[in-house]
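Breakdown of the fold
Residue-level listing of the chains:
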Amino acid sequence: MIIVMKPKASQEQLDHLIEKIKSLGFSVNISKGKERTVIGVIGEEDKLRVQPLEAFPGVEKVMSVLKPYKLISREFHPENAIIDINGARFGSTDICMIAGPCSVESLEQIRTVAAAIKKLGGKLIRGGAFKPRTSPYAFQGLGEQGLKYLAQIREEFGLAIVTEVMDTRDVELVGKYADAFQIGARNMQNFNLLKEVGATKKPVFLKRGLSATYKEFLMSAEYIASRGNFNVILVERGIRTFEDYTRNTLDITAVPVLKQFTYLPVVIDPSHAAGRRELLEPLSKAAVAVGADGLMLEVHPCPEEALSDGQQQIVPERYKEILESLQSIANAVGRKIV
Ligand code: PEP
Ligand code: MN
């Protein structure tokens, strides 16, 4: 259930109402917007429906939410959330770039990419130290050593670190180095992991599962929010379809649909969607045009030597060209690339 307070409702009126709701055994989440406060009530809605909550002073309306997700719904927070990571404001008019290699492979490799990103005005770098690989014999990532390299890069270049956490046991460790967690597609429904990152305050890039519906995707975001972390950025990274020319099928429709249902920022990752570097420019253009809040692109100094996802990674020079090609589309939709 969602309770919308009147624009001029006092703190006392709010406290009085919250006290009543809590005394009935429900918990609350408060969203303070520019204009008004909205209360999300968690618990069995049927029991609350019989209460005359509309009669409380300061209450404008009481809405029952039939959707299974509440805290991340547009109803709960009608304005877009803005999640600031190192000055890149996801959900604002910024289109925020997250570039970097698939995996952190060496200090030299990550430093070369970091220098290029910095030169192009970027604020974030991605790179996996823990890698979810289909084969147990494939490169699994450098683990903590990779995180240390990332931390060194942050020191040197002032870039914020986005890196994947795959296991509940590593949340603390990865959190020591990362500015934002990435939850990979294969872990989108690892509910314990979602709860664990939900208990932190760090932004979470939540990737859509390979065959997840919008509802399932949003429910996973709700898991994170339900633990108190509302800094969730949704990442559409292609879904599995019958088409096998591309690695996955980029679901561009996800952007407007998700934005209709939630206030959370939505980012597109064309690299994992296409799995082919020649498609990155057109798909990135489509992402900007359709209203994505950011783009995640895999950039490697030498993709032929990459230890993972070599076929879809681009060199920094190509990344620069793609960035330039996006500028006029961003301008046309009143946004700017950061
Ligand atoms: C990645 O970003 O390197 C990755 C493994 O992505 P996904 O979880 O979307 O496959
Ligand atoms: Mn990858």
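See the structure above.
Computed from a predicted model, the values in this text were never measured in an experiment.

Attention now moves to the overall build of the protein chain. Looking only at helices and strands, the protein chain features 11 helices and 15 strands. Since a compact globule built from 338 residues should have a radius of gyration of about 20 Å, the 21 Å found for the protein chain is in line with a globular shape. With respect to the three principal axes, the spread of C-alpha positions in the protein chain is 65 × 45 × 45 Å. Among the 338 residues that make up the protein chain, the fraction classed as buried is 54%. Summed over all atoms, the accessible surface of the protein chain reaches about 14700 Å², with 51% contributed by carbon and sulfur.

Here the focus is the packing of helix H7 (residues 214-226) against helix H8 (residues 254-261). Where H7 meets H8, the closest approach of the two axes is 11 Å, and the angle between their N-to-C directions is 50°. As far as their axial angle goes, H8 and H7 are oblique. You can see that H7 and H8 cross each other, and the crossing is right-handed. Here H7 contributes Tyr-214, Phe-217 and Leu-218 to the contact with H8, which in turn contributes Ala-254, Val-257, Leu-258 and Phe-261.

The full set close to ligand 1 counts 13 residues, and Arg-126, Gln-182, Ala-185, Lys-207 and Arg-237 are the nearest of them. Within the side chain of Arg-126, an N or O atom sits 2.7 Å from an oxygen atom of ligand 1. In the model, an oxygen atom of ligand 1 is placed 2.9 Å from a nitrogen or oxygen of the Lys-131 side chain. For ligand 1, the protein covers 97% of the area, taking 290 Å² as the surface of the free molecule. With respect to the pocket detection grid, ligand 1 is positioned in the largest pocket. Broken down by class, the residue content of the shell around ligand 1 amounts to three nonpolar, three polar and seven charged.

Take Arg-335: it is sitting in the loop between helix H11 (316-332) and strand E15 (336-337). Here Arg-335 falls in the buried class, since its relative accessible area comes to 13%. At 3.3 Å, the side chain of Arg-335 and the backbone oxygen of Gly-291 are in polar contact. For Arg-335, the residues in contact, after removing those within four places along its chain, are Ser-92, Thr-93, Asp-94, Ile-95, Gly-291, Ala-292, Asp-293 and Ala-330.

This next bit is on the nonpolar core. Counting residues in each nonpolar core, the largest one holds 73 residues, and the members touching the most others are Ile-125, Leu-206 and Leu-234. A total of six residues in this core trace back to one element, the largest contributor, which is helix H4 (residues 144-157). Residues from two domains meet in this core; each of domain 1 (2-63) and domain 2 (83-337) gives at least three. Residue contacts for Leu-206: discarding those within four places in its chain leaves Ile-183, Met-188, Leu-194, Phe-217, Ser-220, Ala-221, Ile-224, Val-232, Ile-233, Leu-234 and Val-235.

Approximately 220 Å³ is the volume found for the largest pocket. Lining the largest pocket are 20 residues, and of these Pro-132, Arg-186, Arg-247, His-272 and Asp-309 sit closest to its centre. Looking at side-chain class alone, the lining of the largest pocket contains four nonpolar, six polar and 10 charged residues.

Both faces of strand E10 (residues 180-183) are covered, namely the face carrying Ala-180 and Gln-182 and the face carrying Phe-181 and Ile-183. Pairing geometry for strand E9 (residues 160-164) and E10, over three bridges, is parallel. When the bridges of E10 are listed, Thr-163 appears paired with Phe-181. Running through helix H5 (residues 171-177), the crossover from E9 to the neighbouring parallel element E10 is right-handed. Inspection of the sheet shows E10 paired to strand E11 (residues 204-207) by three bridges, in the parallel sense. Among the inter-strand pairings, Ile-183 is bridged to a residue of E11, identified as Leu-206. In this fold, the crossover linking E10 to E11 by way of helix H6 (residues 191-198) has right-handed handedness.

A complete count under the given rule lists three aromatic pairs for this structure. Measuring from centroid to centroid gives 5.4 Å for Phe-90 and Phe-205, while their planes differ by 75°, and the two rings are edge-to-face. Of the two residues, Phe-90 is situated in strand E6 (residues 88-90) and Phe-205 in strand E11; the sequence distance between them amounts to 115 residues. A single burial state applies to Phe-90 and to Phe-205, both of which are buried. Considering the side-chain rings of Phe-191 and Tyr-223, the 4.6 Å spacing of their centres and the 25° angle between planes classify their relative orientation as stacked. Taken together, the residues span a long stretch of sequence, with Phe-191 in helix H6 and Tyr-223 in helix H7 at a distance of 32 residues.

Cut-off values and rules
In this convention, every chain numbers its residues from 1, walking through the sequence in written order. Numbering of ligands from 1 and lettering of chains from A proceed in the order in which they are written. Owing to the predicted nature of the model, reporting of local features is limited to residues with pLDDT of at least 70; listing and counting of side-chain atom pairs is limited to 80 or more, with chain, interface and lining totals taken over all residues. As a rule here, side-chain values come from all non-hydrogen atoms in the structure, and water together with hydrogens is ignored. Secondary structure elements are defined from DSSP: runs of H or I of at least 4 residues count as helices, runs of E of at least 2 residues count as strands, and each element is numbered from the N terminus. To get the radius of gyration, use the C-alpha atoms; to get the globule rule, take the number of residues to the power 0.38 and multiply by 2.2 Å. Categorising residues by exposure relies on relative accessible area from a 1.4 Å probe, with only protein chains included: less than 20% of the type maximum marks a residue as buried, more than 50% marks it as exposed, and the intermediate range marks it as partly exposed. We get accessible surface area from the Shrake-Rupley algorithm with a probe of 1.4 Å; when it comes to residues, only the shown protein chains can shield them. All axes here are fitted lines through C-alpha atoms, helices being fitted over the stretch that makes contact, and every angle between N-to-C directions spans 0 to 180 degrees. For classification purposes, an angle smaller than 35 degrees is called roughly parallel, one larger than 145 roughly antiparallel, one from 65 to 115 roughly perpendicular, and anything else oblique. Note: crossing handedness is left-handed where the near helix turns anticlockwise from the far helix by less than a right angle, and right-handed where it turns clockwise. For this analysis, residues touch if any pair of their heavy atoms sits within 4.5 Å. Nearness here has a simple test: a residue counts as near a molecule or strand if at least one of its heavy atoms is within 4 Å of that partner. Polar contact is defined as a pair of N or O atoms within 3.5 Å, subject to the rule that within protein one atom must be able to donate a hydrogen and the other to accept it, and that residues adjacent in sequence are counted only when both atoms are side-chain atoms. As defined here, a cavity is a set of points on a 1 Å grid over the protein atoms alone where a 1.4 Å probe fits but cannot get out. A pocket is an open set with protein on both sides within 12 Å along at least five of seven lines, and residues line them when an atom is within 4 Å of a point. Assignment of a molecule to a cavity or pocket requires that more than half of its atoms lie within 2 Å of the corresponding grid points. Just so you know the grouping, Ala, Val, Leu, Ile, Met, Phe, Trp, Tyr, Cys and Pro go in nonpolar, Asp, Glu, Lys and Arg go in charged, and all remaining residues, Gly too, go in polar. As used in this record, nonpolar core signifies buried Ala, Val, Leu, Ile, Met, Phe, Trp, Tyr and Cys residues forming a set joined through side-chain atoms within 4.5 Å. Note that the domain bounds were set by an automatic or database domain assignment. Grid points are joined across faces, edges and corners, and a volume is the space filled by probe spheres set on the points. One bridge is not enough; two strands pair if DSSP finds at least two bridges between them. Clockwise travel from the first strand over the helix to the second, with the strands pointing away from the viewer, marks a crossover as right-handed. Only centres within 6.5 Å qualify two rings of Phe, Tyr or Trp (six-membered ring in Trp) as a pair; their planes then separate them into stacked at under 30 degrees, edge-to-face at over 60, and tilted for everything else.

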